[in-house]
Amino acid sequence: MANRRSCSACGDKRGMARFENERFTIEHAGLRKTVDGLSGWRCGACDEVVFDPESARLYAAAGDELLLQSRKREQKELKRIRQKLDLTQQAAAEITGGGHNAFSRYERGTAQPLPAVMNLFRILDRHPELLREILPRRVRKRGGTASATTRSTQARRRTVRSAGSQKIPL
Ligand SMILES: [Zn+2]
């Protein structure tokens, strides 16, 4: 039959069926994009799709655009969180690795942060107090603010300890 061809993915004997002018939705990192008017072949057994050349080009272009969109969003997000945490690009790179220029490259979009970097910054966005646990001493802010923060942390720790020890008779 001229209108059928065997599936390259599963080799199903019923072959692939023709489809014309369909809408496809591409999803990436919570973003979605629809592409209309796509044609090609679909396997009835495994749903594998082989687009016609022009449709393949349109689909790939939409995918690229979506990827670019999500990278731009990541760049802005990373910069926003870094500024909220009051970190310089150098200090941010120091706690995540990747070289001292890493954050400048992430925020300009010339390099892509590892998922581990995005995940860490998203956690710090929601729990900025955790930054104290991982910040190297020399990156910490100098002057009154830093020592005040340290002192209040120590005070809080002492309070917790003494609250616990009240149960033990002296
Ligand atoms: Zn198949």
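What comes next concerns the included structure.

What counts and what doesn't
- Residues numbered from 1 in each chain as written.
- Predicted model: local features only at pLDDT ≥ 70, side-chain atom pairs only at ≥ 80, totals over all residues.
- Heavy atoms only, no water.
- Pairing = 2+ DSSP bridges.
- Helix = DSSP H or I, 4+ residues; strand = E, 2+ residues; numbered from the N terminus.
- Phe/Tyr/Trp six-rings, centres within 6.5 Å; stacked < 30°, edge-to-face > 60°.
- Buried < 20%, exposed > 50% of the residue type's maximum accessible area, 1.4 Å probe, protein only.
- Axes fitted to C-alpha atoms, helices over the stretch in contact; angles between N-to-C directions.
- Contact = heavy atoms within 4.5 Å.
- Donors = N, O, S within 2.8 Å, 3.2 Å for Na, K, Ca; no water.
- Tetrahedral: all angles 85-135°; square planar, octahedral: opposite > 155°, others 65-115°.

1. Digging into the pairing of strand β1 (residues 16–28)
Right, so step 1: Bridging between β1 and strand β2 (residues 31–43) involves ten bridges; their strand directions are antiparallel. Directly across from A17, in β2, lies its bridge partner R42.
Right, so step 2: Hairpin connection of β1 to β2: two residues between the antiparallel strands, including A29 at a positive phi of 50°.

2. As for the packing of aromatic side chains
Right, so step 1: Scanning the model with the defined rule gives seven aromatic pairs in all.
Right, so step 2: For the ring pair F24 and F51, a centre distance of 4.9 Å and an interplane angle of 75° mean the geometry is edge-to-face. Pair noted here: F24 is in strand β1 and F51 is in strand β3 (residues 49–51), with a separation of 27 residues, a long-range link. Accessibility classification places F24 together with F51 in one group, the buried group.
Right, so step 3: Arranged with centres 5.2 Å apart and planes meeting at 40°, the rings of F103 and F121 form a pair that is tilted. Of this pair, F103 sits in helix α3 (residues 102–108) while F121 is found in helix α4 (residues 115–126), placing the two residues 18 residues apart along the sequence.

3. Regarding the sheet that holds β3
Right, so step 1: Spatial strand order, β1-β2-β3: three strands in an open sheet with antiparallel pairing. Whereas interior strands pair on both sides, the edge strands pair on one side only; in this sheet they are β1 and β3. Each strand axis lies, on average, 55° off the axis of its neighbour in the sheet, ignoring direction.
Right, so step 2: Here β2 pairs with β3 via three bridges, running antiparallel. The residue bridging R42 from the neighbouring strand is V49, located in β3.
Right, so step 3: Seen against the sheet, helix α1 (residues 53–84) touches β1, β2 and β3 and runs at an angle of roughly 155° to β2.

4. So, the coordination of the zinc ion
Right, so step 1: C7 (SG), C10 (SG), C43 (SG) and C46 (SG) make up the full set of protein donors to the zinc ion, lying at 2.3 to 2.4 Å.
Right, so step 2: Bound by four donor atoms, the zinc ion shows angles of 107 to 112° at the metal and therefore tetrahedral coordination geometry.
Right, so step 3: If you list the donors of the zinc ion from N- to C-terminus, the spacing comes out as C-x2-C-x32-C-x2-C. Remark: C46 occurs in the loop between β2 and β3 and C7 occurs in the segment before β1; sequence separation between them is 39 residues.
Right, so step 4: What makes C46 partly exposed here is its relative accessible area of 34%.

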